[in-house]
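Descriptive analysis of the structure
What follows is the residue order along each chain.
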Amino acid sequence: MVRLAVLISGHGSNLQALIDACERGELPGVEIAVVVSNRRDAYGLERARRHGLPAVYHPLGPYRERGLSRTDYDADLALILEQHRADWVVLAGWMHVLSDAFLGRFRGRVLNLHPALPGQFPGTGAIARAYEAARRGEVDHTGVMVHFVPDEQVDAGPVIVQEAVPIYPGDSLEELEARIHAVEHRLIVEAVRRVTSAAQSEAHTQ
Ligand code: GRF
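Residues numbered from 1 in each chain as written. Predicted model: local features only at pLDDT ≥ 70, side-chain atom pairs only at ≥ 80, totals over all residues. Heavy atoms only, no water.

1. A few points about the overall build of the chain
Test applied: A helix here means a DSSP run of H or I that spans at least four residues, while a strand means a run of E at least two residues long, and both kinds are numbered starting from the N terminus. As a reference, a globule follows 2.2 Å times the number of residues to the power 0.38, and the radius of gyration itself is taken over C-alpha atoms.
Counting its secondary structure elements, the chain contains seven helices and seven strands. Helices (α) and strands (β) of the chain occur, in sequence order from the N terminus, as β-α-β-α-β-α-α-β-α-β-α-β-β-α. The globule rule puts the C-alpha radius of gyration for 206 residues at 17 Å, and the 17 Å found for the chain is close to it. The C-alpha extent of the chain, read off along each of the three principal axes, is 50 × 45 × 30 Å.

So, in structure tokens, the structure goes:
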């Protein structure tokens, strides 16, 4: 079995897409080992609990208060995942940039979902920034990508799947968001399927 850790910070609709895909048998050989949030009130934690999945709240605040660093936080995050025997990591709306203290423990096995195409609108507020760019006539589409996270660069790395999403002249921001989220929910499952089936076939040939 491939054991996924899903890291979230908010609503968790992409986590839900992964849970649903696992429960429907659309991700054979894949199970969600643990869900971690850096925010206590992240609704994704509730979604995890409802489906009987381990849900861990891992806040940065106490580390800052004790004068500890992001490296300490990231090392403990890796430890939590190891305790749940996770071997792949999906960042599904996770709002921290991960340092090498974490990435070094899951080298080549960390995926990030971002609501924009490669090289366009990295960082937070990507959908709103694309929407504003469209209103200025600078772009007529944005997109979604899922990529590997090789290092601390934000929303950059080898792309696993990507898809353009049109921005129509009469769109409200909410309409664009809904169109993007629908694509995200499909692509995140597709990306996990691709990388884990490649990993499973490698394991069988070894
Ligand atoms: C998604 O749009 C994701 O691409 C972005 O944050 C959002 C998370 O949504 N990084 P949800 O928590 O999965 O509903």
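2. Re the side chain of His 96
Threshold: Accessible area is worked out with a 1.4 Å probe on protein chains only. A residue is then buried under 20% of its type maximum, exposed over 50%, and partly exposed in between. In the analysis that follows, any N or O atom pair within 3.5 Å is treated as a polar contact, provided that within protein one partner can donate a hydrogen and the other can accept it, and provided that, for residues neighboring in sequence, both atoms belong to side chains.
Tracing the backbone shows His 96 in the loop between strand 4 (88–91) and helix 5 (100–103). Judged by relative accessible area, His 96 falls into the buried class, the value being 14%. Reaching out from His 96, the side chain makes a polar contact with the side chain of Asn 38 at a distance of 3.4 Å.

3. Some thoughts on the pattern of salt bridges
Going by this rule: One speaks of a salt bridge when a side-chain nitrogen belonging to Lys or Arg is within 4 Å of a carboxyl oxygen belonging to Asp or Glu.
Under the counting rule described, the total for this entry stands at 11 salt bridges. The salt bridge partner of Asp 100 is Arg 107, with a shortest N-O separation of 3.1 Å. Of the charged contacts, one joins Glu 190 and Arg 193 as a salt bridge, the two residues approaching to 2.7 Å between their closest N and O atoms. Of this pair, Glu 190 and Arg 193 both sit in helix 7 (residues 173–205), separated by three residues, roughly a single helical turn. Connected through shared salt-bridge partners, Glu 46, Arg 49 and Arg 50 make up one network.

4. A few points about the site of the ligand
Let me state the cut-off plainly: In these notes, residues near a molecule or strand are those with any non-hydrogen atom within 4 Å of it. With residues, only the protein chains shown are counted as cover, and all accessible areas are computed by Shrake-Rupley using a 1.4 Å probe. Method remark: on a 1 Å grid restricted to protein atoms, a set of points is classed as a cavity if a 1.4 Å probe fits but cannot get out and as a pocket if it is open with protein on both sides within 12 Å along at least five of seven lines; lining residues have an atom within 4 Å of a point. A molecule is said to be in a cavity or pocket once over half of its atoms fall within 2 Å of that pocket's grid points. When residues are sorted by character, Ala, Val, Leu, Ile, Met, Phe, Trp, Tyr, Cys and Pro go into the nonpolar class, Asp, Glu, Lys and Arg into the charged class, and all the rest, Gly among them, into the polar class.
Around the ligand, the neighbouring residues are Gly 10, His 11, Gly 12, Ser 13, Asn 14, Gly 93, Leu 113, Pro 115, His 181 and Glu 184. At a separation of 3.3 Å, an oxygen atom of the ligand approaches a polar backbone atom of His 11. Between Gly 12 and the ligand, the recorded distance is 2.7 Å, taken from a backbone N or O atom to an oxygen atom. Calculation on the ligand without its partners gives an accessible area of 360 Å², and the protein chains cover 83% of this total. With respect to the pocket detection grid, the ligand is positioned in the largest pocket. Sorting the residues of the shell around the ligand by element identifies helix 1 (13–23) and helix 7 as the ones contributing at least two each. Looking at the shell around the ligand residue by residue, the class counts come to two nonpolar, seven polar and one charged.

5. So, the side chain of Ser 37
Rule in force here: Contacts were defined at the residue level, with two residues in contact if any of their heavy atoms lie within 4.5 Å.
Along the chain, Ser 37 turns up in strand 2 (residues 30–37). For Ser 37, the residues in contact, after removing those within four places along its chain, are Ile 8, Ser 9, Ala 42, Leu 45, Val 56, Tyr 57, His 58 and Trp 94.

6. Side note on the sheet that holds strand 1 (residues 2–8)
Selection criterion: Strands qualify as paired when DSSP identifies two bridges or more between them. Each axis is a line fitted through C-alpha atoms, and for a helix only the stretch in contact is used; angles between axes span 0 to 180 degrees, taken between their N-to-C directions.
With mixed pairing, the seven strands of this open sheet are ordered in space as 3-2-1-4-5-6-7. Two strands in the sheet have a free side with no partner beyond their single neighbour: strand 3 (55–57) and strand 7 (159–166). Within the sheet, the average angular offset between the axes of one strand and its neighbour, ignoring direction, is 20°. In terms of strand pairing, strand 1 meets strand 4 through four bridges, oriented parallel. Its bridge partner being in strand 4, Leu 4 is matched across the sheet by Trp 88. Of the strands in this sheet, strand 1, strand 2, strand 4 and strand 5 (110–114) are in contact with helix 1, which crosses strand 2 at around 160°.

7. Focus: the packing of aromatic side chains
For any pair of aromatic rings, the description consists of the separation of the ring centres together with the inter-plane angle of the planes. Defined as follows: Classification of ring pairs rests on two measures: the distance between centres of Phe, Tyr or Trp rings, Trp counted by its six-membered ring, which must be within 6.5 Å, and the angle between planes, read as stacked under 30 degrees, edge-to-face over 60 and tilted in between. Two limits define a charge over a ring: the Lys NZ or Arg CZ must be within 6 Å of the ring centre, and within 35 degrees of the ring normal.
What the rule picks out here adds up to two aromatic pairs. Centre to centre, the rings of Tyr 63 and Tyr 73 are 5.3 Å apart; their planes meet at 85°, and the pair counts as edge-to-face. Pair noted here: Tyr 63 is in helix 3 (residues 61–65) and Tyr 73 is in helix 4 (residues 70–83), with a separation of 10 residues, a long-range link. When sorted by exposure, Tyr 63 lands in the same class as Tyr 73, which is buried. Measuring from centroid to centroid gives 5.2 Å for Phe 102 and Phe 106, while their planes differ by 25°, and the two rings are stacked. Per residue, the accessibility class of Phe 102 equals that of Phe 106, and both read buried. The aromatic ring of Tyr 63 is capped on one face by Arg 66, whose charged end is 5.5 Å from the ring centroid.

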